[in-house]
Amino acid sequence: MTLTRTTRTGLGGLLLTTCLAAALPALAQDAPADPDTGVEVIEPEVTVVPPGNDAQAQTDTQTGSDPQTDAGTDADAESDADTTSDTGAEESPAAPGSNAEDTAPTEDTDQADEPTPAENAPTATSSEPEAAADTGDEPQPAGADDSAPPPPPADADAPANADADADADADDGAEEGGTEDGGPAAAATGTTSTAPSTDMAPADTATADTEATDTAPTDTAPTETGPAETAPSETAQADYEIGADWPYWGGDADATRYSPLSQITPENVGQLERAFVYNTGDMPSAEAEGKYAPETTPLKYGDALLMCSAKNVLISIDAATGEENWRFDPGVPDEAIPYSASCRGVSLWTDPDAASSDACATRVIEGTIDAKLVAVDAETGAPCEGFGENGTVDLWQDIGERVPGWYAVTAPPAIVRGVVVTGAQVKDGQAEDAPSGVVRGYDARTGALTWAWDLAAPEENRDGPPEGEVYTRGTPNMWTTAVADEELGYVYLPLGNSSVDYYGSNRSEAENEWATSLVALDVTTGEPAWSFQTVRHDVWDYDLGSQATLVDFPVDEGTRPAVILPSKQGDIYILDRATGESLFPAEDIEVPTDSGVEPEFMSPTQPVSGYHTLRFDPLTERDMWGMSPIDQLWCRIQFRRSEYQGFYQPPTSDRPWIQYPGYNGGSDWGSVAVDTERGILIANYNNVPNHNRLIPREEADERGLRPIDETQTASGGSKAEGEGDPQAGAPYAIDVNAGWRSPLTNMPCTQPPYGGIRAIDLETGETLWDQPIGTARRNGPWGIPSYLPFQIGTPNNGGSVVTAGGLVFIGAATDNLFRAIDIETGEVLWTDTLPAGGQANPITYEVDGKQYVLIAPGGHHFMETGVSDAVISYALPD
Amino acid sequence: MADHTTYTTPHRGAGHWILMGVATVLTLIGLVLLAGGIWLITLGGSWYYAIAGIGLLLTAWPLFRHLTQGVLVYLVVWLGTLIWTYWEVGTDWWAWVPRMVAPTVILVILLLCLPMLSLRRRT
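Rules and cut-offs
- Residues numbered from 1 in each chain as written.
- Chains lettered and ligands numbered in written order.
- Predicted model: local features only at pLDDT ≥ 70, side-chain atom pairs only at ≥ 80, totals over all residues.
- Heavy atoms only, no water.
- Disulfide = S-S within 2.5 Å.
- Helix = DSSP H or I, 4+ residues; strand = E, 2+ residues; numbered from the N terminus.
- Buried < 20%, exposed > 50% of the residue type's maximum accessible area, 1.4 Å probe, protein only.
- Salt bridge = Lys/Arg side-chain N within 4 Å of Asp/Glu carboxyl O.
- pLDDT = per-residue confidence, 0-100.
- Contact = heavy atoms within 4.5 Å.
- Axes fitted to C-alpha atoms, helices over the stretch in contact; angles between N-to-C directions.
- Parallel < 35°, antiparallel > 145°, perpendicular 65-115°, else oblique.
- Left-handed = near helix turned anticlockwise from the far one by under 90°.
- Nonpolar A, V, L, I, M, F, W, Y, C, P; charged D, E, K, R; others polar.
- Pairing = 2+ DSSP bridges.
- Core = buried A, V, L, I, M, F, W, Y, C linked by side-chain atoms within 4.5 Å.
- Expected span 1.5 Å × (residues − 1).

### Focus: the state of the cysteines
Residues and elements named next belong to chain A.
1) Next: For the structure shown, the criterion picks out three disulfides over all chains.
2) Next: The disulfide that involves Cys-635 links it to Cys-749, with 1.9 Å between the sulfurs. As the torsion about the S-S bond is roughly -75°, the Cys-635-Cys-749 disulfide counts as left-handed. Pair noted here: Cys-635 is in helix α11 (residues 629-641) and Cys-749 is in the loop between β32 (732-738) and β33 (755-761), with a separation of 114 residues, a long-range link. Note on accessibility: Cys-635 and Cys-749 belong to one class, buried.
3) Next: Counting only the cysteines that form disulfides, in the order they appear in chain A, gives the pairing 1-2, 3-4, 5-6.

Quick look at the structure:
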């Protein structure tokens, strides 16, 4: 009786609970890429030291000296031990090894016109003062350096002292010298000095650079450069064949992510098992907790896998066993972490003029989150002493005040015709007066500046800004990866927006002209050949996030060299590689203009692709979702209360507006993969709106929203990009609810799928299959995992690999699964549960006739997929 | 069955309290849906929620009085919800989750309550 009844009711309750909890998956969202800051200390680590350096300690150089500087920089000095450098004039900080004795010397190198140690020292000194001064005034490049330099030198000792001096000096020097350019010449000079011994190194380096510099600096003349370089590159390129190796971040030089390997097939992929698991050891310190999103994709070259960890430790491991060959820690401080500690990958360059036994004949080059280019020997991990200052080039040079986390490199550089091309991520949403989006090319051998492309002052600053000035501030930047056509000598730069993404009335003509465009830049001259703009007057943060892919596109009469450009809006454009002409009609659509805060600024039309779009239809009230009618009702009310007239809804302030698609795509940095044999393009994408509001300045001030250079109390890493960004200098700050999650349940207000993967016929642009990607297993209301094995389609970050074997390998989704998909059908044939999210592009390679598939599941703080330092390789059982 | 007596007799058993609890919860949900639903209507949105809110209130009232009619009213609400769901989203099953899961859970609970109810008040 009573009992019975009770029991029954109880059951009902239980059921209710269970159902509610289980049935509704929510999803996490993803994240963008950028920054936060934190302050921390630097850890000095040391690493393996390659030959030259001995003890390494790192140094921070900077520091002490000027207060201002410090702040910015790393420094704080933690001076730990090391000296690093900062400084550097153009480039680099100190090479550790070398300097051993004094930090000073090292730095000088760059600038120094002459290499003598002695001289350097002096220089340094002088510099300091200046440096300091500069900083104060304007943002100067040199001044602050921050980051710790790289390699720890032998001297481990003196950190503290060293710091101060060194830093300053170096910087100054650089500026003064103004020598950045040097580049072209360098090549000519052939200075590659690869000086072996560390000690010596400084000097050598200097020399080399100098020469180069002298020669070249002034001339902008590309021509000269061109020839020499060209030759080399070709050679280099020849060595880099996709197949057994995975020599480029995008697989091959064309970034197709297609491998001719075919040992693993749909028939046997079910037997795939882990071959080895390697751990990089780079896990967040207490201060960096919640700020890691390594997003790392190794290269495979020869017998080794070459990679960087989240905080830029360069590592080589055996590709078959996972045993570590060497590592090199450039000493990136925690406070340099922008939105996330990320290092998507590294690039390789083989010096065509070097004997294979020479040091740094083949080098690994990375950009770091504290804005350095670092080059080490691929065989030993020893810094390339002839590159910049003992293997390091300081990218803060001529950028302005060094504010850690504001200017960071997270993508591998493109290397074409011997020129290392890199942009940098400028932390979004901070201020109009932000670091420049300048894209620079450096000589791969010497690290000397070959050219700079400052889109607002291309001629004036081609060889670097005049002394005492910096590259044009607040211009659109390139934070993602470029691809290059070695033959044409063009590098294709996917540009983003200026730092202030959501307000545009006060932007310059140059910003309006170049933002959100793919720019084909001639690497021999540093001049744009053509550009293709995907958004006019972008106030939605629709940065181009994907690396473009080069293909020979099938047309009636054979093929045509083309570049595939995916966008965050989901449009995929096919452009002529030489001219930028669209191979498919690029259509214009009319978009709403009058409902926002700056109707005059809105473009009445926007381009869409006539080839293919990943974008879904505009939202309607019925697309609102939830775990029950109550929260669904809440979302429906919000939908009706928000400003939304469809795609390209202008930003509003009196009430929120819906942006759909949101800034996560469409296609983001994972990019697309193209099976060039089957003629299939594989694109994974996000399908997530953002719910935003412009915050009037007064309200922003009340909320205490300040730009990064005015506060170091950066928000936690779990904050969404744009969630309360100050946009200093604009009349409005911005509040972004990325993924438009309901505050009631933390689930999205819109219904699934939140992400998918699609196969597209390359020739026609027609969809072959389209599947949600990611199961609901880790998602649910209030973050409670539902364990539902159904493919719901989660937000995803990270791309795919396609193989001749007929498989697509991809992690990316928030379910932390790594999966193999049949390229013909879209069916998931195999999965493995990763220790954290697979927000990284996988690769495939071969050693001794055995095919491996590898992913580094580092997780992503904002996608709530944990954190891991694992690198996992899979193969079929023997 | 044999228990009928138990029910009829005054109240105060555990079953009574459970029933009161269920009816109270349904009342609250009904009020929220009604209020929010009216708001949504004024914004130009769906009428479903206000109507469903009324349906839940009409369900709860008989339940407070231990009457089976509450369940019958709810069956109508549930069937209406089913039809509305199909009309609004067709066979997009993920879209059924917010619309049908919770209402179906309530249906199950009410069916489990049936033994505590009767068609006529006993007093």
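Don't stop here, the text continues.
### Topic: the pattern of salt bridges
1) Next: Tallied over the entire structure, the rule returns 33 salt bridges over all chains.
2) Next: Between Glu88(B) and Arg636(A) there is a salt bridge, with the nearest N and O atoms lying 2.6 Å from each other. Highlighted residues: Glu88(B) in helix α4 (residues 69-89) and Arg636(A) in helix α11, drawn from two different chains. Judged on exposure class, the residue Glu88(B) and its partner Arg636(A) are both buried.
3) Next: Where Arg693(A) meets Glu699(A), a salt bridge forms, and the shortest distance between an N and an O atom there is 2.5 Å.
4) Next: Classification of Glu699(A) by relative accessible area gives partly exposed; the value is 27%.
5) Next: Within this structure, Glu621(A), Arg636(A), Arg640(A), Glu88(B) and Arg99(B) form a network of salt bridges that share partners.

### Looking at the confidence of the model for chain A
1) Next: Overall, the predicted model of chain A reaches an average pLDDT of 80, with 72% of residues at or above 70.
2) Next: Every residue in residues 1-238 of chain A is under pLDDT 50, and counting partners more than four places away or in other chains gives 647 contacts.

### So, the packing of α4(B) against helix α5 (residues 93-113) of chain B
All names here are of chain B.
1) Next: Interaxial distance between α4 and α5 falls to 10 Å at its minimum, and their mutual angle equals 165°. In terms of axis orientation, α4 runs roughly antiparallel to α5. Crossing geometry of α4 relative to α5 is assigned as left-handed. The residues of α5 that touch α4, namely those facing Val-71, Tyr-74, Leu-75, Trp-78, Thr-81, Leu-82, Trp-84, Thr-85, Tyr-86, Glu-88 and Val-89, are Ala-95, Trp-96, Arg-99, Met-100, Pro-103, Thr-104, Ile-106, Leu-107, Leu-110 and Leu-111.
2) Next: Across the contact of α4 with α5, the residue classes break down as 16 nonpolar, three polar and two charged.

### What to know about the sheet that holds strand β22 (residues 558-566) of chain A
The strands making up a sheet are joined through hydrogen bonds of the backbone, oriented either antiparallel or parallel.
All names here are of chain A.
1) Next: Strand order in the open sheet formed by four strands is β21-β22-β23-β26, and the pairing between neighbours is antiparallel. The sheet is open, and its two edges are formed by β21 (549-555) and β26 (612-613), each paired on a single side.
2) Next: Looking at chain direction, strand β23 (residues 571-576) and β26 are connected through two bridges and run antiparallel. Looking at the pairing, Asp-571 lines up with Thr-613 of β26.

### Regarding the nonpolar core
1) Next: With 32 residues, the main nonpolar core has Val22(B), Leu26(B), Tyr49(B), Leu63(B), Tyr74(B) and Leu110(B) as its most contacted residues.
2) Next: Those elements that provide at least two residues to this core are α11 of chain A together with α2 (14-42), α3 (48-64), α4 and α5 of chain B.
3) Next: Not counting the four nearest positions on each side in its chain, Tyr49(B) is found in contact with Pro629(A), Gln632(A), Leu633(A), Arg636(A), Leu33(B), Leu34(B), Gly37(B), Leu40(B) and Trp84(B).
4) Next: Residues Phe387(A), Ala431(A), Ala444(A) and Leu449(A) belong to the second largest nonpolar core, which totals 29 residues.

### Here we look at α11(A)
1) Next: If you check α11(A), its first and last C-alpha atoms are 18 Å apart, about what 13 residues at 1.5 Å a residue would give, namely 18 Å.
2) Next: For α11(A), every residue scored as buried is listed here: Pro629(A), Asp631(A), Gln632(A), Leu633(A), Cys635(A), Arg636(A), Ile637(A), Gln638(A) and Phe639(A).
3) Next: If you follow the buried residues of α11(A), they end up packed against β27 (657-659) and β30 (690-696) of chain A together with α2, α3, α4 and α5 of chain B.

### Brief notes about unusual backbone geometry
Residue and element names in this part refer to chain A.
1) Next: Geometrically, the link from Gly-665 to Gly-666 is a cis peptide bond, its omega value of 5° lying close to zero.
2) Next: Within the secondary structure layout, Gly-666 lies in the loop between β27 and β28 (673-675).
3) Next: The omega torsion across Pro-752 and Pro-753 is 0°, close enough to zero to call that bond cis.
4) Next: Within the secondary structure, Pro-753 sits in the loop between β32 and β33.
5) Next: Even without glycine at this site, Trp-740 takes up a positive phi of about 45°.
6) Next: Tracing the backbone shows Trp-740 in the loop between β32 and β33.
7) Next: Its relative accessible area of 1% is what places Trp-740 among the buried residues.
8) Next: Unusually for a residue other than glycine, Ala-812 sits at a positive phi of about 70°.
9) Next: Turning to its location among the elements, Ala-812 is positioned in the loop between β36 (807-810) and β37 (817-822).
10) Next: Residue Ala-812 is classed as buried on the basis of its relative accessible area, which comes to 0%.

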